[in-house]
Amino acid sequence: MSSTTSNVKYHASRAAESKPLEYLARGGFIGYGIIHLLFAWIALQVAFGGSGQESDQSGALQELAGHSYGKTLLIVIAVGLVAMAIWQAFEAAIGESGEQNRTAMFERVLSGVRAVLYGYLAWMAVKVIQGANASMGDNYESKTSGLMSSSGGRWLVGLIGLVVLGIGVGMAYYGLKRKFVKHLNTGQMGQSRESIIKLGMAGYTSKGVAYGIAGLLVVIAAVNYDPEKARGLDAALKTLAGYSWGVWLLALIAAGIAAFGVYCIAQAKYRKI
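Owing to the predicted nature of the structure, the values given are computational and were not obtained by experimental measurement.

Calculation rules
Residues numbered from 1 in each chain as written. Predicted model: local features only at pLDDT ≥ 70, side-chain atom pairs only at ≥ 80, totals over all residues. Heavy atoms only, no water. Phe/Tyr/Trp six-rings, centres within 6.5 Å; stacked < 30°, edge-to-face > 60°. Helix = DSSP H or I, 4+ residues; strand = E, 2+ residues; numbered from the N terminus. Buried < 20%, exposed > 50% of the residue type's maximum accessible area, 1.4 Å probe, protein only. Axes fitted to C-alpha atoms, helices over the stretch in contact; angles between N-to-C directions. Parallel < 35°, antiparallel > 145°, perpendicular 65-115°, else oblique. Nonpolar A, V, L, I, M, F, W, Y, C, P; charged D, E, K, R; others polar. Patch = residues over 30% accessible without salt bridge, like charges linked within 9 Å, V, L, I, M, F, W, Y side chains within 5 Å. Areas by Shrake-Rupley, 256 points an atom, 1.4 Å probe, with all protein chains shown as cover. Salt bridge = Lys/Arg side-chain N within 4 Å of Asp/Glu carboxyl O. Contact = heavy atoms within 4.5 Å. Core = buried A, V, L, I, M, F, W, Y, C linked by side-chain atoms within 4.5 Å. Left-handed = near helix turned anticlockwise from the far one by under 90°.

Draft legend 1. Looking closely at the packing of aromatic side chains. Scanning all chains against the criterion turns up 10 aromatic pairs. Relative to Trp-87, the ring of Phe-29 lies with its centre 5.8 Å away and its plane at 70°, an arrangement referred to as edge-to-face. Here Phe-29 is found in helix H2 (residues 19-47), whereas its partner Trp-87 is found in helix H4 (residues 70-94), with 58 residues between them in sequence. The two residues Phe-29 and Trp-87 agree in class, both being buried. When the ring of Tyr-204 is compared with that of Phe-260, the centres are 5.1 Å apart and the planes differ by 80°; the resulting orientation is edge-to-face. Separated by 56 residues along the polypeptide, Tyr-204 in helix H8 (residues 193-224) and Phe-260 in helix H10 (residues 244-270) bring together distant segments of the chain. Among the residues examined, Tyr-204 registers a relative accessible area of 13% and is labelled buried. Taking the relative accessible area as the measure of exposure, Phe-260 reaches 3% and is therefore buried.

Structure (C-alpha cells):
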C-alpha cells in the first residue's frame, strides 16, 4: 500500500471518528426512524381506505411538511441524514473493521449503498423544504416509458427490476439471519436486547418483501411493455391494496416498517459508530 493511500485512509479514519459527526449521525437515525414510522402510517391508510400521498419515503416527508413544525423537523432530519451519508461514505472508503477479506469488502459496498440512500433521502427532504414535489412516481414512469421505447430498453428495465428484487431478497435475508446484530453494541442493551433484535428482524424482512414486490412489478412491466406498472415502491403497495388478501399483507408490511422505524430510533443509542 502506498504512503499516499495510507495517509488518505488515516485522515479518513480520523474524520470518521469525529464526535460531532457521531452525534449528528445518531440524530440522523432518529430522523430515519420517524420517516419510516410515517411511511408505515401512510401504507396503513392505503390498506384501509386509501391515501392521496405517495406510499413511500417521499410521501412520509411530504406528510411531515404538512405540519406547523414540519419544515423545522425536516431541516434537522436532512442534516442528520447528510451526517449519516458522510459516515457511511467513510466506512465504504476505509471499512468498519480494517480487515481486507471478502466479508469486509462486501460490508464496504453496503456502506457505499447506504451512503447513496441517505444522501438521496436528504436531497428529497431539502426539495420538500423548498416546496418542490419530492414524489418520483410520475417522473419514473415517464423515464421508464422512454427507456422501454429505445433499443434494448426493455431488457435494461427488466434488469433494474431484477436488481431491486435481489435487493429485497437480500434485505429479507439480512433481517431473518440477524446479520445486522454485529453492528450493534448489544452489551449495552440489557433486557431490551431481544426486543430490539426482533424489531430489526421484522423491519428488514418487511422492507425486503416490499422492495421485492416492487422489483417484481418492474420485471412484469418490462415483459408486458407496461410502464405504468413500473412505478416503484408506491405502485407496489397500492397494487397490493387492490386485492382482498393484499390488504392484510400490506397491513403486515406496514407493521413491519413501523417496527423498523422503532429499531432505527434504538440504533441512535446502540449502533456502533
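Next, the rest of the story.
Draft legend 2. Representation of the packing of H2 against H10. Two elements in contact, H2 and H10, have axes whose closest approach is 7 Å; the angle formed by their N-to-C orientations is 170°. Taken together, the axes of H2 and H10 are roughly antiparallel relative to one another. Of the residues belonging to the contact of H2 with H10, the class tally is 22 nonpolar, 4 polar and 2 charged.

Draft legend 3. Focus on a nonpolar patch on the surface. A surface patch of nonpolar side chains, about 510 Å² in accessible area, is lined by Leu-156, Leu-159, Ile-160, Leu-162, Val-163 and Ile-167. With respect to the helices and strands, Ile-167 occurs in helix H7 (residues 153-176).

Draft legend 4. Structural view of the side chain of Glu-107. Structurally, Glu-107 can be placed in helix H5 (residues 102-129). For Glu-107, a relative accessible area of 13% puts it in the buried group. Sequence-distant contacts of Glu-107, defined by excluding residues within four places in its chain, comprise Arg-114, Lys-182 and His-183.

Draft legend 5. Quick look at the nonpolar core. Core analysis: the biggest nonpolar cluster contains 51 residues, and Tyr-32, Leu-81 and Phe-180 have the highest contact counts within it. Going through the elements one at a time, H2, helix H3 (57-65), H4, H5, H7, H8, helix H9 (233-241) and H10 are the ones with two or more residues in this core. Not counting residues up to four positions away in its chain, the partners in contact with Leu-81 are Gly-28, Tyr-32, Ile-35, Tyr-118, Leu-121 and Ala-122.

Draft legend 6. Structural detail: the pattern of salt bridges. One pass over the full model with this rule turns up 5 salt bridges. Glu-22 is the partner of Arg-26 in a salt bridge, and the nearest nitrogen-oxygen pair spans 3.0 Å. On the criterion of helical spacing, the pair formed by Arg-26 and Glu-22 is a turn pair, its members being 4 residues apart in helix H2. The same class applies to Arg-26 and to Glu-22, which are both buried.

Draft legend 7. Up close: the packing of H4 against H5. Packing of H4 against H5 leaves a shortest axis separation of 7 Å and a crossing angle of 160°. In terms of orientation, H4 and H5 fall into the roughly antiparallel class. By crossing handedness, the relation of H4 to H5 is classed as left-handed. In terms of residue class, the contact of H4 with H5 is made up of 19 nonpolar, 4 polar and 4 charged.

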